[in-house]
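# Structure assessment
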Amino acid sequence: MSLFNHLLSRALPLWLLFFINFLVLLGKSQQEVLQVQVGIVLDTNATLAALSLRAINMSLSEFYNTHNGFKTRIVLNIRDSKRTVVGAAASALYLIKKREVVAIIGPGNSMQAPFLINLGNQSQVPIISFSASSPVLDSLRSPYFIRATHDDSSQVHAISAIIESFRWREVVPIYADNEFGEGILPYLVDAFQEINVRIRYRSAISVHSTDDLVKKELYKLMTMPTRVFIVHMLPDLGSRLFSIAKEIGMMTKGYVWIVTNGIADQMSVMGESSLENMHGVLGVKTYFSRSKELMYLETRWRKRFGGEELNNFECWGYDTATALAMSIEEISSNVNMSFSQTKRNTSRDDTGTDLDDLSFALSGPKLLQALATVSFKGVAGRFQLKNGKLEATTFKIVNIEESGERTVGFWKSKVGLVKSLRVNQTGIKISHSSHRLRPIIWPGDTIFVPKGWEFPTNAKKLRIAVPKKDGFNNFVEVTKDANTNAPTITGFCIDVFDTAMRQMPYAVPYEYIPFETPDGKPRGSYDEMVYHVFLGEFDGAVGDTTILANRSTYVDFALPYSETGIVVVVPVKDEREKGKWVFLKPLTRELWFLTAASFLYIGIMSYTATLTSMLTVQELRPTVRHMDDLRNSGVNIGYQTGSFTFERLKQMGYKESRLKTYDTPQEMHELFLKKSSNGGIDAAFDEVAYVKLFMAKYCSKYTIIEPTFKADGFGFAFPLGSPLVPDLSRQILNITEGETMKAIENKWLLGEKHCLDSTTSDSPIRLDHHSFEALFTIVFVVSMLLLLAMLVCRRYRQESKSGEINANNSPTDGNMRAPPNQPTDDNMRAPTSPPIDDQVLEPPGPALNEADDQDQLLNDEVNVGDRNEVDIIVEVDPTLVHRRNLITSKTIPTRRAALFSRIKSA
């Protein structure tokens, strides 16, 4: 025991020496730590600000515990902005002048930021905000403003991707009437223009509006057809908005509500009742990846503060304090952390202010540079400033329900909408498909996607303009009742529109308004009618309105429902021969002679085939082959009154003096009959639909020549961005692809058709009696000539026979004589016969049979006996007689053969 006490007494000075040295070193290290003043300007009484202050304090505490070797320590100077712009400005000015802070964290919102930004720029004190997100603040162009949060404009593409995926065509933004609410609008407009979505109306609601004023504004929105609303405001005003919307029935089936991250990021502080009122709302929420830094912070947060949920603003506040501590430590070795002692303006007269003698921080430029280059992996992701702010690459799409929120998808800057981030999806944007999101519960507790556009029950009918025209009334015709003067609109275009509107998935009340003057005359051209739709006088235009590029700059057209193109119509030359001598064409002269020499039946059968072939191949040929021929020939060209083809012809180089107008197909035909020489036309330039109607009446006289010019057919016109256009276009496709369009065309466009569709025909023409007039005449004349010749020949033979008989009865005839009154004996008499010469024979002829020989001989005997001729008996050698008989039966005429027979018998 004594030994222990002895050793302790000897060692006590040594332990005391070590302890004293430790205290000295500790005091020295404490004296070397630099206290750096940093200000905080927040609404300390607000829940969000209170939680953010917790995060900032926690960040600094944990940072310096893990970095106890740092020579600097941030000392926070907290000032309450009292939720006003003046309070924030006064607090910042106090911190700079009285506390000489080298940086200010804050303010809490975008409305308080502009003055602080200008103040920081003047005093070279960086203003670092983790909650002022309005893009308007960038317009101040102050290098001393640092946005340690995401710009509101970064989420507009996520919103537009949702709008595009569900094919909504109109939206209405509802925003707070302040810097925060207005800042996002220009970026929304640009994003929606890229996907051809129209902002029909902008609803600005002041944060100071009473519930009655908010209700009045929502009632106004109910009277509009748009049902897609984009809400951009803070939670306080947003809770009131949705409570009133539910009260008046705007949270029911058919409505679409999308909130920005101004509400979606702070739903944890809104309360259960607010979530119940927002059932079915879609939200775009800031997304932080589930890093280990974030998960560790959440664990420590719950352990330290209980059940309070950590939101994104608290995460940004945590990282902001860390970034500022790192930057201050970096510049502390070579930068004076004090303020300049030289005042910029020492004037303190009655006109001076507290800003006149404002000093500036010497550390400002270096600290700003350090903040711009600092980079680390924080709880909110990679903390790295680009152009003075953090960039957002991913947003979470949530569906708000009564029990909270449900994730339905994500938006990635280089991909678009996706259901999950686990899938590696790269490449082109795929935000055009609603299938990239999980099923959504919409307002009214329905899973059916709202169409986003409806006609309110108290809305007026759509005013649809229809053209007043004098011709081609098959397409559109305006007539008025003689008693009531009420207009009646009919025609092909009207039937197509009525049919399409009846098939729409929702009821659309409308009425037709003739585009005419009070006295019933056409009010103007089709271009003027379309322009009045653009001006808002009409809600649409229906008729034979051609879709043109210049018109599409003022209105949106539904899909065309008629044939496209512009064509040129010219008369045809009829080269099919139907004259009196057409029958001579098929056969050559030689063939006609051969046919005439052949039997009549054979000749008629070669004739019929050739004539049919000739008539079949004949066709109608145009008077002009190509439109270039018209330009070179200098003839007049017709166009329909009020048609855009007039301007098209002038663009093609045709002189206005050569262009003639017509209103009806009949007038067009009459101009063709006059021809250019008499003030008419030789060609017409019109659209296919009108030409088809014209050709239905006159196709045998006209044809279409090359080329065919492009045009987009008839279409229904509506104001730009009208949601009727896509729905109506789908119904037009259904009509044109089915039998309905054929029925409408047959009703209006084919009723007067009485000739073939084609302009030339390869069918044989029909011949009438005039075509064979010459042939019948020739046949009649020839037959009469033949009859006359036959009669003349018969008469001649009769006269010749009489002369021969007289010659036989004459006494001086030949060498034969007979005394008068000499009795006759048939068996003893024979007529005088010339000498028989065996070497001279008559041409062979048809032989007479035995009966004919006997009849003829009997007749000759009777005749001779009657004349009392003197018979001469001649003795003939039998051999000579036999030989004569053989020759006579083949060559000698009948009368002579009979004579020889008589001689033989004698």
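For the structure given in this document, a descriptive report is provided here. Computed from a predicted model, the values in this text were never measured in an experiment. (Residues numbered from 1 in each chain as written. Predicted model: local features only at pLDDT ≥ 70, side-chain atom pairs only at ≥ 80, totals over all residues. Heavy atoms only, no water.)

A few words on the overall build of the chain. Check the secondary structure of the chain and you find 29 helices and 30 strands. Within the span of the chain, comprising 906 residues, buried residues form 46% of the whole. If you take every contact in the chain between residues at least 6 apart in sequence, the share linking residues at least 24 apart comes to 73%. Surface summary for the chain: the accessible area is close to 47,800 Å², and the carbon and sulfur share equals 54%. (Helix = DSSP H or I, 4+ residues; strand = E, 2+ residues; numbered from the N terminus. Buried < 20%, exposed > 50% of the residue type's maximum accessible area, 1.4 Å probe, protein only. Contact = heavy atoms within 4.5 Å. Areas by Shrake-Rupley, 256 points an atom, 1.4 Å probe, with all protein chains shown as cover.)

The biggest cluster of nonpolar side chains holds 53 residues, and the ones touching the most others in it are F475, F492, Y561, V569, F716, L724 and L728. Broken down by secondary-structure element, the contributors of at least two residues to this core are β18 (462–467), α15 (492–502), β24 (566–574), α22 (665–674), α23 (688–698), α24 (724–736) and α25 (740–748). Among the elements that line this core, the one with the most residues is α23, at eight residues. Built from parts of two domains, this core gets at least three residues from each of domain 3 (462–562 + 721–747) and domain 4 (566–574 + 626–711). Beyond its immediate chain neighbours, meaning those up to four positions away, F475 contacts T490, G491, F492, C493, I494, D544, A689, Y690, L693, F714 and L749. In terms of nonpolar packing, the next biggest core, distinct from the first, is built from 52 residues, A49, L294, L310 and A325 among them. (Core = buried A, V, L, I, M, F, W, Y, C linked by side-chain atoms within 4.5 Å. Domains from an automatic or database assignment.)

The next point concerns the pattern of salt bridges. Under the definition given, this model contains 22 salt bridges. When the shortest N-O distance is used, the salt bridge between K285 and E405 registers 2.9 Å. One end of the pair, K285, is in strand β11 (residues 282–286); the other, E405, is in strand β16 (residues 404–412), and 120 residues separate them in sequence. One network of salt bridges, with partners in common, ties together D138, R147, D151 and K389. (Salt bridge = Lys/Arg side-chain N within 4 Å of Asp/Glu carboxyl O.)

Axis separation between helix α5 (residues 156–165) and helix α7 (residues 185–194) bottoms out at 9 Å; the angle between their running directions is 40°. Judged by the angle between their axes, α5 and α7 are oblique. For the element pair α5 and α7, the recorded crossing hand is right-handed. Between α5 and α7, the contacting residues are V156, H157, I159, S160 and I163 on the first element and Y187, L188, A191, F192 and E194 on the second. Here the contact of α5 with α7 is composed, by residue class, of seven nonpolar, two polar and one charged. (Axes fitted to C-alpha atoms, helices over the stretch in contact; angles between N-to-C directions. Parallel < 35°, antiparallel > 145°, perpendicular 65-115°, else oblique. Left-handed = near helix turned anticlockwise from the far one by under 90°. Nonpolar A, V, L, I, M, F, W, Y, C, P; charged D, E, K, R; others polar.)

For V624, the location among the structural elements is in the loop between β25 (620–622) and α20 (627–633). The exposure class of V624 is buried, given its relative accessible area of 13%. For the pair V624 and I704, spaced 80 residues apart in sequence, the C-alpha to C-alpha distance is 9.6 Å. If we ignore the near neighbours within four places in the chain, the residues touching V624 are V570, D629, L630 and I705.

A few words on the sheet that holds strand β1 (residues 34–42). What the six strands build is an open sheet, ordered β2-β1-β3-β4-β5-β14; its pairing is parallel. For this open sheet the edge positions go to β2 (72–80) and β14 (389–390), each flanked by a neighbour on one side alone. Inspection of the sheet shows strand β3 (residues 103–105) paired to strand β4 (residues 127–129) by two bridges, in the parallel sense. Bridged to I104 within β4 is I127. Strand contacts of helix α2 (residues 47–66): β1, β2 and β3, with the helix running at about 170° to β2, the strand carrying the most contacts. (Pairing = 2+ DSSP bridges.)

On to the packing of α2 against helix α12 (residues 292–305), then. Interaxial distance between α2 and α12 falls to 12 Å at its minimum, and their mutual angle equals 115°. Classified by the interaxial angle, the pair formed by α2 and α12 is roughly perpendicular. Here α2 and α12 pass one another in a crossing that is right-handed. Facing α2, whose interface residues are L51, R54, A55, M58 and E62, α12 presents L297, R300, W301, R304 and F305. Taken together, the residues of the contact of α2 with α12 break down into six nonpolar, no polar and four charged.

On to the packing of aromatic side chains, then. Tallied over the entire structure, the rule returns 38 aromatic pairs. Ring geometry for W301 against F305: centres 4.6 Å apart, planes inclined by 55°, an arrangement best described as tilted. One end of the pair is W301 and the other is F305, both in helix α12 and four residues apart, which spans about a single turn. Relative accessible area serves as the criterion here: at 21%, F305 is assigned to the partly exposed category. With centroids separated by 5.2 Å and ring planes inclined at 80°, the aromatic side chains of F497 and Y510 adopt a geometry described as edge-to-face. Here the residue F497 occupies a position in helix α15, and Y510 occupies one in strand β21 (residues 510–515), the gap between them amounting to 13 residues. Grouping aromatic residues by their ring pairs yields a cluster made of F472, F475, F492, F497, Y510, Y512, Y561, Y662, Y690, F714, F716 and F718. (Phe/Tyr/Trp six-rings, centres within 6.5 Å; stacked < 30°, edge-to-face > 60°.)

With respect to the element layout, T286 can be found in strand β11. A polar side-chain atom of T286 sits 3.5 Å from a polar atom in the side chain of N261. Discounting chain neighbours no more than four positions away, the residues touching T286 are H150, N261, D265, N312, W316 and F395. (Polar contact = N/O pair within 3.5 Å; in protein donor to acceptor, adjacent residues only side chain to side chain.)

To continue, consider helix α13 (residues 312–331). Under the 1.5 Å per step criterion, the end-to-end length of α13 is 29 Å for 20 residues, consistent within 8% with the ideal 28 Å. Among the 20 residues that make up α13, 18 are buried, leaving the element largely enclosed by the rest of the structure. For α13, the N-terminal capping position is held by N311, with its side-chain oxygen 3.1 Å away from the main-chain nitrogen of F313. (Expected span 1.5 Å × (residues − 1).)

As a further point, take the pairing of strand β10 (residues 256–259). Residues of β10 alternate between two faces, with V256 and I258 on one and W257 and V259 on the opposite face, all of them buried. As judged from the four bridges shared by strand β9 (residues 228–232) and β10, these two strands associate in the parallel manner. Residue V231 lies in a different strand from β10, and its bridge partner there is V259. Crossover β9 to β10 through helix α9 (residues 235–247) is right-handed. The pairing of β10 with β11 spans two bridges and is classified as parallel. Bridge pairing in β11 places V259 opposite G283. (Right-handed = clockwise from strand over helix to strand, strands pointing away.)

Attention now moves to a positive patch on the surface. On the surface, a cluster of positive charge is made up of K419, R422, R436 and R438. Among the structural elements, R422 can be located in the loop between β17 (416–418) and β18. (Patch = residues over 30% accessible without salt bridge, like charges linked within 9 Å, V, L, I, M, F, W, Y side chains within 5 Å. Lys, Arg positive; Asp, Glu negative; His and termini not counted. Charge placed at Lys NZ, Arg CZ, Asp CG, Glu CD.)

A contiguous nonpolar patch, built from F780, V781, M784, L785, L787, M790 and L791 and spanning about 670 Å² of accessible area, is present on the exposed surface. Relative to the helices and strands, M784 is located in helix α26 (residues 773–809).

Turning next to α7. Looking only at α7, the buried set comprises L185, L188, V189, A191 and F192. Looking at the buried side of α7, the elements it contacts are α5, β6 (170–176), α6 (179–182) and β7 (198–199). Residue N196 follows α7 closely and has a positive phi angle near 60°.

Turning our attention to the side chain of T545. Following the sequence through the fold, T545 ends up in the loop between β22 (540–541) and α17 (549–552). Here T545 falls in the buried class, since its relative accessible area comes to 0%. Among residues more than four places away in sequence, those in contact with T545 are Y526, M529, V530, R551, F557, G713, F714 and G715.

Another aspect to go through is unusual backbone geometry. With an omega of 0°, the peptide bond between G106 and P107 qualifies as cis. By the element assignment, P107 lies in the loop between β3 and α4 (113–123). Located in the positive-phi region is E100, a residue other than glycine, with phi close to 50°. Structurally, the position occupied by E100 is in the loop between α3 (85–97) and β3. Even without glycine at this site, F472 takes up a positive phi of about 50°.

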